[in-house]
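Residue strings, one per chain:
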Amino acid sequence: MFSRLFRASKPCQRGSSHQLLFMAEFSAENQEYNKSLKRQQFGNRFLTDPKTVFEHNSWDNVIWDEAQEAEARRTTQEQLAHLATEADQEKYENEADQFWDKFYSVHENKFFKDRHWLFTEFPELAPEYYQSTENKPTYSLKETNVDTCHSENQKPSKEPKDVLQGQSAQFMLAEPKDVFQGQSAQFRIFEVGCGVGNTVFPILKANNDKGLMVYCCDFAKTAVDMVKESKEYEPERCQAFLCDISDPMATVPFPDNSLDVIILIFVLSAISPDKFQSVICRLAGFLKPGGVILFRDYGRYDLAQLRFKKGRCLGENFYARGDGTRVYFFTQDELREIMGKAGLHEKQNFVDRRLQVNRGRQIKMYRVWIQCKYVKPLLGDTSHVKPLLGDTSQNINNDTTDTSVQSVGSSV
């Protein structure tokens, strides 16, 4: 069905092909992007001559033709016609943490590699950003507004709230609100779905300033334990904790309006789609005015989506892998709507359309990811936010005028 999207010279063992692809999803990404901390941004290598396709491991912004787009759409429609049983869907939802816990128990810290490309794509994580005084908003916590998320018929309250003394509308604090680890920090980062620390540890290593505080959570206990047990873990500047961010009763070790950056990398896609909005709303409440959510995840019609077999589909564009972990495939418009309803302003929303090749086996693999930056506006700011420090808005990928992966499938 999708031989044009993926073609291998040797068939895989039954039941192993999808697992191998899942392993390749991150390994291929990291092998290429970790070569240098000073690498170029995504989107700078273009395939102009099809004859040279196997001269490099990957090509950016590869254009699909109408036949490829139609084939991808037909594949997803067939997947949707053969859903997993209701019993299986409930199992994947109720035991989601157990599936990920088992995943990390099996792979430990050998599956993912450190994402050093973070500092090129997201300069907000580099020390040069937070140590600069440029474009930094000045405000008091007592002047901030917790009600960042609202429906079209429910306007946010205009009354200021003291988040250090009032209780958050979404989450309860694990510590007293007037005393929390990192309260005196100059810059606070929170990574949701930290895994075994492949994002956290590069950040700590690159930022030696004691004024930095990094919070990180995962709902897989094994992963959190591995972060804490690592020799790279710095308990004075990092706090790892167990948390299911989709659970409204979960506790967090910081108050609302206290974070500068929230990292969501291949995390939201693992959560049930009916919880997307509530999760982003809660995260938006944690941000300071001027704070930013850094996002990267799977895009619609990515090869990983098209390879799912019958009975693995849980709903539209939502699937269960062979190991029980789940994944959703986004469009730009979906993310724009979710973030907008949480009161966040769009700074970046682009599709990374990539053709990866295996030169030895002459394999072509079409991958689709979405990368975003959404900022919490300053109080009273109804205009578009100014560019963030270090952001290269002239990069071809920073085009926020694209509508969606699906509507421009020919360019996926």
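These numbers were taken from a predicted model, which means no experiment stands behind them.

A. Representation of the confidence of the model for the chain in the model. Mean pLDDT over the chain works out to 74, with 61% of the residues at or above the 70 mark. Per-element confidence in the chain ranges from a low mean pLDDT of 45 for helix α1 (residues 17-33) to a high of 98 for helix α11 (residues 332-341). Overall, residues 138-147 carries pLDDT values under 50, and its contacts beyond four positions in sequence, including any with other chains, amount to 33 contacts.

B. How the structure looks around the packing of aromatic side chains. The full count for this structure, using the stated rule, is 16 aromatic pairs. For the pair F276 and Y328, a centre-to-centre distance of 5.2 Å together with 75° between the ring planes defines the contact as edge-to-face. With a gap of 52 residues between them, F276 in helix α9 (residues 276-286) and Y328 in strand β11 (residues 326-328) connect regions that are remote in the sequence. Residue classification places F276 among the buried positions, given a relative accessible area of 5%. With a relative accessible area of 7%, Y328 lands in the buried category. Members of the aromatic cluster, connected to one another through ring pairs, are F190, Y215, F241, F254 and F286.

C. Looking closely at the pattern of salt bridges. Here the structure, examined in full by the defined rule, presents 13 salt bridges. Across the pair R326 and E93 runs a salt bridge whose closest N-O atoms are separated by 2.7 Å. Here R326, found in strand β11, pairs with E93, found in helix α3 (residues 86-94); they are 233 residues apart in sequence, far enough to count as distant. Given the relative accessible area of 6%, R326 is considered buried. Judged by its relative accessible area of 25%, E93 falls in the partly exposed class. The partner of R336 in a salt bridge is D333, and the shortest N-O contact between them spans 2.9 Å. Of this pair, R336 and D333 are both found in helix α11, 3 residues apart, which corresponds to roughly one turn of the helix. For R336, a relative accessible area of 24% gives the class partly exposed.

D. Looking closely at the nonpolar core. In this structure, F190 and L283 are the most contacted members of the largest nonpolar core, which totals 47 residues. Mapped onto this core, the elements with two or more residues apiece are β3 (187-192), β4 (212-218), β7 (259-265), α9, β8 (287-298), β10 (318-320), α11 and β13 (363-375). If you tally residues by element for this core, the top one is α9, at 7 residues. For L283, the contacting residues outside a window of four places in its chain are F190, V192, I245, I262, L264 and I293. I189, I203, Y319 and F329 belong to the second-largest nonpolar core, a separate cluster that totals 38 residues.

What counts, and at which threshold
Residues numbered from 1 in each chain as written. Predicted model: local features only at pLDDT ≥ 70, side-chain atom pairs only at ≥ 80, totals over all residues. Heavy atoms only, no water. pLDDT = per-residue confidence, 0-100. Helix = DSSP H or I, 4+ residues; strand = E, 2+ residues; numbered from the N terminus. Contact = heavy atoms within 4.5 Å. Phe/Tyr/Trp six-rings, centres within 6.5 Å; stacked < 30°, edge-to-face > 60°. Buried < 20%, exposed > 50% of the residue type's maximum accessible area, 1.4 Å probe, protein only. Salt bridge = Lys/Arg side-chain N within 4 Å of Asp/Glu carboxyl O. Core = buried A, V, L, I, M, F, W, Y, C linked by side-chain atoms within 4.5 Å.

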